[in-house]
Amino acid sequence: MFYQTANHHGLPHDPFKALVTPRPIGWITTMSAKGEVNLSPYSFFNAISEKPAMVAFSSSGRKDAVTFVEETKEFVCNLATYDLREEMNATSAPLPRGVNEMEHAGLAAAPSRLVKPPRVAAAPAALECRWVQTVPLVPLEGGEPSYYLVIGQVVGIHIDDRFIVNGIVDTAAMRPIARSGYRDYFVATPETKFTMTRPGG
């Protein structure tokens, strides 16, 4: 099949997110100027630069995470894993502003070193970030943006020492989860990991 995205695809559900997949989950902790904590999962998330290390997440509308980041200029990306899948899902609930999703999901908080928002204590890795900019994603045809891309520079990284083997991070052993379309997720495992060397590498 082929369809133009400006027209209807003719399927029961939009296939776009099922094709750009799997997408890592940015489990983002933010804090408002008043000290309110927000923890939300974003599937439009990824690393976008190595030097300097930068990540970005895209929010549908100016949700609390975007507002809080712009108020305090800081956030944390927590690694969402298979063992934490239920808690991650619970933090996606549409709770009123000011309600702590971390507490709602029964998650313990751990202090960050360089930024104020806490990290998820049970997450095997976390990236402490400082806000760089927010980019409104204005469509080609113009009009008001419906998504906002938040870019942050990573200033500190936490890694559970149990997952560092011979100086290498065993990412697959952490079993990170990623989002697909519909209600589907993927999980990375040691059994599904494979290695290739780039030509000339």
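Source: prediction; values computed, not measured. (Residues numbered from 1 in each chain as written. Predicted model: local features only at pLDDT ≥ 70, side-chain atom pairs only at ≥ 80, totals over all residues. Heavy atoms only, no water.)

A. Seen up close, the sheet that holds strand β6 (residues 74–79). Spatial ordering of the open sheet is given by β3-β2-β6-β9-β10-β5-β4, a layout of 7 strands whose pairing is antiparallel. Strand pairing shows two members of the sheet lacking a second neighbour, β3 (37–42) and β4 (45–50), which therefore form its edges. Going across the sheet, the axis of each strand differs from the next one's by a mean of 35°, ignoring polarity. Both β6 and strand β9 (residues 125–136) contribute to a ladder of 5 bridges, which runs antiparallel. When the bridges of β9 are listed, Val-76 appears paired with Glu-128. Along the sheet, helix α2 (residues 64–72) makes contact with β2 (26–31), β3, β5 (53–60), β6, β9 and β10 (147–159), crossing β2 at roughly 50°. (Pairing = 2+ DSSP bridges. Helix = DSSP H or I, 4+ residues; strand = E, 2+ residues; numbered from the N terminus. Axes fitted to C-alpha atoms, helices over the stretch in contact; angles between N-to-C directions. Contact = heavy atoms within 4.5 Å.)

B. A look at the layout of surface pockets. Taken as a whole, the largest pocket holds about 820 Å³ of empty space. Element by element, the count of residues in the lining of the largest pocket is highest for β4, at 4 residues. Class assignment of the residues belonging to the lining of the largest pocket gives a composition of 29 nonpolar, 6 polar and 2 charged. Here the second largest pocket defines a volume of roughly 610 Å³. Along the wall of the second largest pocket there are 29 residues; nearest its centre are Ser-40, Pro-41, Tyr-42, Lys-63 and Ser-92. Considering every element that reaches the lining of the second largest pocket, the biggest residue donor is β3, with 4 residues. Its residues placed into classes, the lining of the second largest pocket shows 12 nonpolar, 11 polar and 6 charged. (1 Å grid on protein atoms, 1.4 Å probe; cavity = no way out; pocket = protein on both sides within 12 Å on 5 of 7 lines; lining within 4 Å. Points joined across faces, edges and corners; volume = space filled by probe spheres on them. Nonpolar A, V, L, I, M, F, W, Y, C, P; charged D, E, K, R; others polar.)

C. Main features of the environment of Leu-11. Tracing the chain through its elements places Leu-11 in the segment before α1 (16–19). Residues Leu-11 and Tyr-185 lie 174 residues apart in sequence; the distance between their C-alpha atoms is 20 Å.

On their own, these measurements won't tell you what the molecule is for.
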